Amino acid sequence: MQISIKVENLGNVREVLAKLSGPQARGAYAKAVNDTAFQVRRAMKEEMAKVFDRPTPYILNSSYVQMATPDKLSARIAPENKRDSVGIDPQKILPAQAFGGPRRDKRSEVILRRAGILPNGMQTSIPKTPYPGSDDGRGNLRGPFLVQLISYLQAFGEQGYRANMTARRKRNLQRGTAKQVGRRYFVSYGRLRGHHLAAGIWAASGTHGVDVRPVVMFVRSGTYRPRIDMDRVARDAGVQEYLDKRVRFRVREAAGV
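Owing to the predicted nature of the structure, the values given are computational and were not obtained by experimental measurement.

Student: Would you mind showing me how to read the packing of helix α6 (residues 143-152) against helix α7 (residues 167-175) here?
Tutor: The description of two packed helices rests on the angle between their axes and on the distance between the axes. One can describe the packing of α6 onto α7 by two numbers: an axis separation of 11 Å at closest approach and a directional angle of 125°. As judged from the angle between their axes, α6 and α7 are oblique. Considering only the axes of α6 and α7, their crossing is left-handed. Note on element contacts: α7 touches α6 through Arg169, Lys170, Leu173 and Gln174, opposite Gln148, Ser151 and Tyr152.

Dropping the structure here:
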């Protein structure tokens, strides 16, 4: 979303504004635009908290403000280009959530696909009953657990090969510790390849590996329906009214009255 200066309803600050120099006025306008942009950013965050299913703080705080300047009296609110080690880039996820369309692959899915583990046309999903210790309570795998899983499956590429688990570390994981049950991970491709378990990544633990549980399921690529109406968010935030108010405040501030 982009916010540009539209000076309206100046009311009793017109005389004050007339006393300001051009640069002073433009500086006041830029501050008012930025005030409004951050107000809209707060409204976007509140909207995401309402319409998304258990959004992480990472996603809720992913929008940034490209601030206005006296020479460019417009501000832009957009997803920030950031990501964690195996997670998702907000620049990819938020547009699909807002306007609908295919869900983009998470970075972990890209890694698994490149390693030949995740079939084309499929993405990952957490089982209805998450594997113990795997999820963050918001429908996502915990970062450290996901790194361990990818490392165990030797899925890190050439640049990250040192992160792949050694045979010794695998044996230690399979033995377990006093605090963590031993387990081994394996991949099933379901009926596609004659496997009796559903497609996904599974864990076997217990004596002779008799306790078998799903960790990550392979599912058909998903599609989002539109969830965020940015025009409605801006309307509910009262953008023009808020901008008018902040212009009046910033003009008085610049004039020292």
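Student: Before we go on, may I ask you to explain the packing of aromatic side chains in this structure?
Tutor: The relation between two aromatic rings is expressed through the spacing of the ring centres and the mutual angle of the planes. In this structure the tally under the stated criterion is four aromatic pairs. Where Tyr131 meets Phe145, the ring centres are 6.3 Å apart and the plane angle is 40°; that geometry is what we call tilted. Of this pair, Tyr131 sits in the loop between β5 (122-125) and α6 while Phe145 sits in helix α6, placing them 14 residues apart in sequence. Each member of the pair Tyr131 and Phe145 is classed as buried.

Student: Would you take a moment to explain the pattern of salt bridges for this structure?
Tutor: Pairs can form between side chains of opposite charge once their charged atoms are near each other. Applying the stated criterion across every chain yields a total of five salt bridges. For Asp211, the salt bridge goes to Arg213, with nearest N and O atoms at 3.3 Å. Residue class for Asp211 comes out partly exposed when judged on its relative accessible area of 28%. Through salt bridges with shared partners, a single ionic network connects Asp35, Arg246, Arg250 and Glu253.

Student: Please explain the side chain of Gln148 as it appears in this structure.
Tutor: Its location among the elements puts Gln148 in helix α6. In terms of polar contacts, Gln148 uses its side chain to reach the side chain of Tyr185, at 2.9 Å. When residues no more than four places from it in sequence are discounted, the contact partners of Gln148 are Met165, Leu173, Gln180, Arg183 and Tyr185.

Student: So what exactly am I meant to see when it comes to the environment of Arg26 here?
Tutor: Tracing the backbone through its elements, the reader meets Arg26 in helix α2 (residues 22-51). For Arg26 and Val251, which are 225 residues apart along the polypeptide, the C-alpha to C-alpha distance reads 9.5 Å. Aside from chain neighbours lying at most four places away, what touches Arg26 is Pro70, Asp71 and Leu73.

Cut-offs used in this document
- Residues numbered from 1 in each chain as written.
- Predicted model: local features only at pLDDT ≥ 70, side-chain atom pairs only at ≥ 80, totals over all residues.
- Heavy atoms only, no water.
- Axes fitted to C-alpha atoms, helices over the stretch in contact; angles between N-to-C directions.
- Helix = DSSP H or I, 4+ residues; strand = E, 2+ residues; numbered from the N terminus.
- Parallel < 35°, antiparallel > 145°, perpendicular 65-115°, else oblique.
- Left-handed = near helix turned anticlockwise from the far one by under 90°.
- Contact = heavy atoms within 4.5 Å.
- Phe/Tyr/Trp six-rings, centres within 6.5 Å; stacked < 30°, edge-to-face > 60°.
- Buried < 20%, exposed > 50% of the residue type's maximum accessible area, 1.4 Å probe, protein only.
- Salt bridge = Lys/Arg side-chain N within 4 Å of Asp/Glu carboxyl O.
- Polar contact = N/O pair within 3.5 Å; in protein donor to acceptor, adjacent residues only side chain to side chain.

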